[in-house]
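Examination of the molecular architecture
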Amino acid sequence: MMAAISAAVTPLLYRAPLAEDELRSQLTGSSEEAALAFAQATPLALAERADDPRAGIILRYACGLAGFLDGSAPLGLLGAYAVSRLFSPAIVAGGTKNLANALYRVAAGARARSMVSAPVGRIARTGERFDVSIADGRALGARSVISTLDPVSTFLELLSDEPRLDALRRPAENWVVEPTGAFTAHYGIKGAPPAAAGGEPPDALIRCFGFRDFHEVEERFRTVAGGELPDDVAGHLTVVSAHDPLQASPGPYGPLHCLRLQTMVPFRPPSGDWDRARPPYRQRCWEAAVGHFSGLGDAHLLFQFADTPHDIARRFATTRGGTIRQGALSRAQTLRGRPHPECSSGRTPVDRLYLGGGGVHPGVPGCLGGGYNAAGLVAEDLGLERWWPAEALSN
């Protein structure tokens, strides 16, 4: 099913979306028909189908990482695709920031101007141009505007006075965002990384721990979504430097390694705020990792820091609720429904106003499909040379 969903959906990420019913009709009887069974499944149904209890844990946990905290929600084609990609993972060499820095350098090389820490307060259409007001009082004029923010920010806040977007406001008001995200702790150690347990592949990027069966995974997600913090720490550990040596110095003082631990937590802890709760909970995460992974207790902890869902939402305007998606990948909010049939392609009812972030099709984190599609539309509408391929990308 995972191979079928990958083959069927990957080309769809880089083109205007079709309706799910139309896609289902195309897949029926094709070599990728198994993708339909995956799309119709729920996280709990997948876990129950597993012959090995460990596989049930992994499947249910992977669905949660893809945003499906509710075990009874059907995945849909895009949700199933997001789950499948976790079993063919990729990381950015040197850290995810390198991707952002590379895009910045390309833009700067093309004489783009970057205004860092300059929140946009309002966007208005005046004649043939847009007036963009910056929160610090500056104003810009533009022929076109691409918003990479979520639909709530774009349609209900920045462009709240634009009458041509009235039909999109009700869907934006009903836009569903995942209730929370992950607590992500980073640790730098001197010493050997934890060894894989017996029978586990030595090169696993995601090592789950703390669950005895998939029912415990389901209960944890339910607890966190309800705003409660579980008593224990359970989640997954990644030895980042084992996969990317650039993320740890190879100098004479090693071996040095970087670890990343993630566990689902509520957006705000019941005890108050994460600013106070973050350090002790980060220590709890370290103690849980030491208790679960053989050999880690012998390492010397050199540094540690952590981000909570609240930190992510506070730091990045492109996030809401501290998740890495700008809206849940439910069947109602994918393909032509992301965020609405009138703008799911990236074009909106306002001429030369485009959507290019995670709140528009395809919405799958890391694929950059929203920006890729928006760039093609802008080039077409402004008569600019398109120097990148227009054909749908393959695997």
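In the block above lies the structure referred to throughout.
Values in this document were obtained by computation on a predicted structure and should not be read as measured data.

**Topic: helix 5 (residues 53-65)**
- Under the 1.5 Å per step criterion, the end-to-end length of helix 5 is 19 Å for 13 residues, consistent within 8% with the ideal 18 Å.
- Burial in helix 5 covers these residues: Gly56, Ile57, Leu59, Arg60, Tyr61, Ala62, Cys63, Gly64 and Leu65.
- Near the N-terminus of helix 5, the side chain that reaches the backbone nitrogen of Arg54, with its oxygen 2.8 Å away, is that of Asp52.
- Just past helix 5, the residue Gly67 takes up positive phi, approximately 105°.

**Considerations on helix 7 (residues 97-109)**
- Taking 1.5 Å of rise per residue, the 13 residues of helix 7 would be expected to cover 18 Å, and the 18 Å separating its terminal C-alpha atoms lies within 8% of that figure.
- A positive phi of about 70° marks Arg111, the residue just after helix 7.

**Concerning unusual backbone geometry**
- Between Arg338 and Pro339 the backbone carries a cis peptide bond, its omega angle lying at -5°.
- Tracing the sequence through the fold places Pro339 in the loop between helix 13 (309-315) and strand 10 (353-355).
- The step from His361 to Pro362 runs through a cis peptide bond, and the omega angle for that step is 5°.
- For Pro362, the position within the fold is in the loop between strand 10 and helix 14 (369-382).

**Structural notes on the pairing of strand 3 (residues 139-142)**
- Of the pairings in the sheet, the one linking strand 2 (residues 129-134) to strand 3 comprises four bridges and is antiparallel in character. Looking across to strand 3, one finds that Phe130 is bridged to Ala142.
- In this structure, the hairpin formed by strand 2 and strand 3 is closed by a connection of four residues, where Gly137 is found at a positive phi of approximately 105°.

**A few points about the pattern of salt bridges**
- For the structure on display, the rule yields 23 salt bridges.
- Of the charged contacts, one joins Glu157 and Arg320 as a salt bridge, the two residues approaching to 3.7 Å between their closest N and O atoms. Here the residue Glu157 occupies a position in helix 8 (residues 151-158), and Arg320 occupies one in the loop between helix 13 and strand 10, the gap between them amounting to 163 residues.
- In this structure Glu157 comes out as partly exposed when scored by relative accessible area, which is 45%.
- Exposure remark for Arg320: the relative accessible area of 29% places this residue in the partly exposed category.
- Notably, a salt bridge pairs Glu218 with Arg222, separated by 3.5 Å at the nearest N-O pair. Pair noted here: Glu218 and Arg222 are both in helix 10 (residues 214-225), with a separation of four residues, about one helical turn.
- The network of salt bridges with common partners includes Arg60, Glu218, Glu219 and Arg222.

**Examining the state of the cysteines**
- Considering all chains together, one arrives at zero disulfides under this definition.
- This cysteine, Cys258, is not joined by any disulfide, and Cys285 carries the nearest cysteine sulfur, 17 Å off.
- Residue Cys258 is classed as buried on the basis of its relative accessible area of 17%.

**So, a nonpolar patch on the surface**
- The grouping of Leu99, Leu103 and Leu368 at the surface amounts to a nonpolar patch, some 260 Å² of accessible area in total.
- With respect to the helices, strands and loops of the structure, Leu99 is situated in helix 7.

**A short note on the nonpolar core**
- Among the nonpolar cores identified, the biggest contains 33 residues, and Ile5, Leu13 and Leu75 are the most heavily contacted of them.
- When residues of this core are traced back to their parent elements, those giving at least two are helix 1 (2-9), helix 2 (20-27), helix 3 (34-40), helix 5, helix 6 (76-85) and helix 14.
- If you tally residues by element for this core, the top one is helix 6, at six residues.
- Beyond its immediate sequence surroundings of up to four residues, Leu75 is in contact with Phe38, Ala39, Ala41, Pro43, Leu46, Cys63, Phe68, Ala80, Val83, Leu329 and Arg331.

Rules and cut-offs
- Residues numbered from 1 in each chain as written.
- Predicted model: local features only at pLDDT ≥ 70, side-chain atom pairs only at ≥ 80, totals over all residues.
- Heavy atoms only, no water.
- Helix = DSSP H or I, 4+ residues; strand = E, 2+ residues; numbered from the N terminus.
- Expected span 1.5 Å × (residues − 1).
- Buried < 20%, exposed > 50% of the residue type's maximum accessible area, 1.4 Å probe, protein only.
- Polar contact = N/O pair within 3.5 Å; in protein donor to acceptor, adjacent residues only side chain to side chain.
- Pairing = 2+ DSSP bridges.
- Salt bridge = Lys/Arg side-chain N within 4 Å of Asp/Glu carboxyl O.
- Disulfide = S-S within 2.5 Å.
- Patch = residues over 30% accessible without salt bridge, like charges linked within 9 Å, V, L, I, M, F, W, Y side chains within 5 Å.
- Areas by Shrake-Rupley, 256 points an atom, 1.4 Å probe, with all protein chains shown as cover.
- Core = buried A, V, L, I, M, F, W, Y, C linked by side-chain atoms within 4.5 Å.
- Contact = heavy atoms within 4.5 Å.

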